Amino acid sequence: MPTTALSNIGALVTNDPALGDGPLGLRRQAALVIDDGRVVWVGDSADAPAADNGFDVGGRAVLPGFVESHSHLVFAGDRAEEFAARMAGRPYAAGGIRTTIEATRAASDEQLAANVRALLDESLRAGSTTVECKSGYGQTVADELRSVQIAARFTDEVTLLAAHVPPPEYAGRADDYVTMVCEEMIPRCAPYARWIDVFCEQGAFDRDQAHAVLSTGIAHGLVPRVHGNQLHQGPGVQLAVELGAASVDHVSHVSRADIDALAGSDTVATLLPGADFCTRNSYPDARALLDAGVTVALGADCNPGTSYTTSLPFCIALAVREMRMTPEEAVWAATAGGAKALRRSDIGSLSPGFRADLIALDAPSYLHLAYRPGVPLVSQVWRAGVATNRGVAQ
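Residues numbered from 1 in each chain as written. Predicted model: local features only at pLDDT ≥ 70, side-chain atom pairs only at ≥ 80, totals over all residues. Heavy atoms only, no water.

**Q** I'd love a proper account of the nonpolar core, names of residues and values included.
**A** Counting 93 residues, the largest nonpolar core has Leu63, Leu160, Val213, Leu289, Leu298 and Leu361 as the members making the most contacts within it. In terms of residue count, helix H5 (residues 174-189) provides more of this core than any other element does, 8 residues in total. In this structure Leu289 touches Val251, Ile259, Leu262, Ala269, Leu271, Val294 and Val296, once residues within four positions along its chain are discounted. Among the nonpolar cores identified, the runner-up in size contains 16 residues, and Ile9, Ala30, Val57 and Ala360 belong to it. (Core = buried A, V, L, I, M, F, W, Y, C linked by side-chain atoms within 4.5 Å. Buried < 20%, exposed > 50% of the residue type's maximum accessible area, 1.4 Å probe, protein only. Helix = DSSP H or I, 4+ residues; strand = E, 2+ residues; numbered from the N terminus. Contact = heavy atoms within 4.5 Å.)

What follows is the structure, encoded as structure tokens:
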């Protein structure tokens, strides 16, 4: 395949300290060369080797593509009125998900797939080159099966979130629903997913129920992740660490013991500030997590009820302003952190050998992602070394 050289990069974020300054491995006036979809050379622009194709970035900043490790894209309908009511003072409760369950069950496969594609297009325009996608709005065997099958058309990072909340027909019978999930849903859906997830929260599933779901998923070859500690301090973080989950997501309400458990584990804390923004929930204490040595990722948590955004740049700005992360920490969390949350060693960095997923900003520095909130700064996206038109999800 022809090689491509990107040159005249004003500031290059490699996420490899061996290639540049600090944790971001930052290089100035840099270049990189792509061959067969992977980065093969990084250095000074003046020293760039010859390549078949050249692309002058014009002094723009270049970063790894954002890695979105938490999204809920297989759904129908919206919950705009619920959002408006919440802004008027009604508190968020986990049960609002049931509105989306009804709409999703009524939608056709074509409608659901079209919605996934549209949201992935949005994500791509905002710089997300890898996107995880969850089920969880079907909650019958047939609807969860079609949800993971539809998600698998678009991404390898498919998560079975059958245990989102007990659906209406199981009101007051959460144990019965968990039994059905373990005995029927997981065996049918596991071949189409990589991950198993559960919402361990008041109003959703308790520790024992969540443990049963995750353990069954593990037995069927799925890797666990957990929605935990979003609305209240609870057992989600400790359960995630106990079962070796790849990530525990939200973590807005944690104890010192939770932080210490995460710091001593390989479980990533994925922070979702868009959800806290849209629910007026407390933001996670990112400083306490980072200062303790916890690996932190940032996700957009696109879903119709509590974070209807596909923009990781927006979440980076929130993380810096509301969670006291530095711009450097937030950018790392949205790239390398997301890759760690997905246990991927081929994305999230622009070191030689990594997949050439990268973005160029209409700005000279990554700092502008937080400095200019709400401005669409992503000017170009490459996936596996191929420039996209930023409007068609591959």
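**Q** Would you mind going over the environment of Pro224 in detail, with residue names and values included?
**A** Along the chain, Pro224 falls in strand E11 (residues 223-224). Considered as a pair, Pro224 and Ala240 are 16 residues apart in the sequence and their alpha carbons are 7.7 Å apart. Excluding its chain neighbours within four sequence positions, the residues that come into contact with Pro224 are Trp195, Ile196, Leu214, Ile218, Leu243, Gly244, Ala245, Ala246 and Ser247.

**Q** Would you mind going over the pairing of strand E10 (residues 195-200) in detail, with residue names and values included?
**A** Among the 6 residues that make up E10, 6 are buried, leaving the element largely enclosed by the rest of the structure. Where burial is concerned, the two faces of E10 agree: the one with Trp195, Asp197 and Phe199 and the one with Ile196, Val198 and Cys200 are both buried. Two elements, strand E9 (residues 158-163) and E10, share 3 bridges in a ladder whose sense is parallel. When the bridges of E10 are listed, Leu160 appears paired with Ile196. Chirality of the crossover, the property in question, places the unit of E9, H5 and E10 among those that are right-handed. Bridging between E10 and E11 involves 2 bridges; their strand directions are parallel. Paired with Trp195 across the two strands is Val223, which belongs to E11. Handedness of the crossover joining E10 and E11 through helix H6 (residues 207-219): right-handed. Here E10 pairs with strand E12 (residues 226-228) via 2 bridges, running parallel. In the strand pairing of E12, Phe199 is matched with His227. (Pairing = 2+ DSSP bridges. Right-handed = clockwise from strand over helix to strand, strands pointing away.)

**Q** Could you give an account of the packing of aromatic side chains, with specific residues and numbers?
**A** Taken as a whole, this structure holds 6 aromatic pairs when the rule is applied. Between the aromatic rings of Phe75 and Tyr308, the centroid separation amounts to 5.8 Å while the plane-to-plane angle is 70°, which identifies the pairing as edge-to-face. Separated by 233 residues along the polypeptide, Phe75 in the loop between strand E6 (66-68) and helix H1 (80-87) and Tyr308 in the loop between strand E15 (296-298) and helix H11 (312-322) bring together distant segments of the chain. On the basis of relative accessibility, which here comes to 1%, the residue Phe75 falls in the buried class. The interplanar angle of 85° and the centroid separation of 5.4 Å between the aromatic rings of Phe277 and Phe314 together place this pair among those described as edge-to-face. Within this pair, whereas Phe277 is found in helix H9 (residues 273-279), its partner Phe314 is found in helix H11, the two being separated by 37 residues in sequence. Residue classification places Phe277 among the partly exposed positions, given a relative accessible area of 42%. Assessed through its relative accessible area of 25%, Phe314 is described here as partly exposed. Taken together, the ring pairs in this structure connect Phe75, Tyr137 and Tyr308 into an aromatic cluster. Above the ring of Trp195, the side-chain terminus of Arg225 is found at 4.3 Å from the ring centroid. (Phe/Tyr/Trp six-rings, centres within 6.5 Å; stacked < 30°, edge-to-face > 60°. Lys NZ or Arg CZ within 6 Å of the ring centre and 35° of its normal.)

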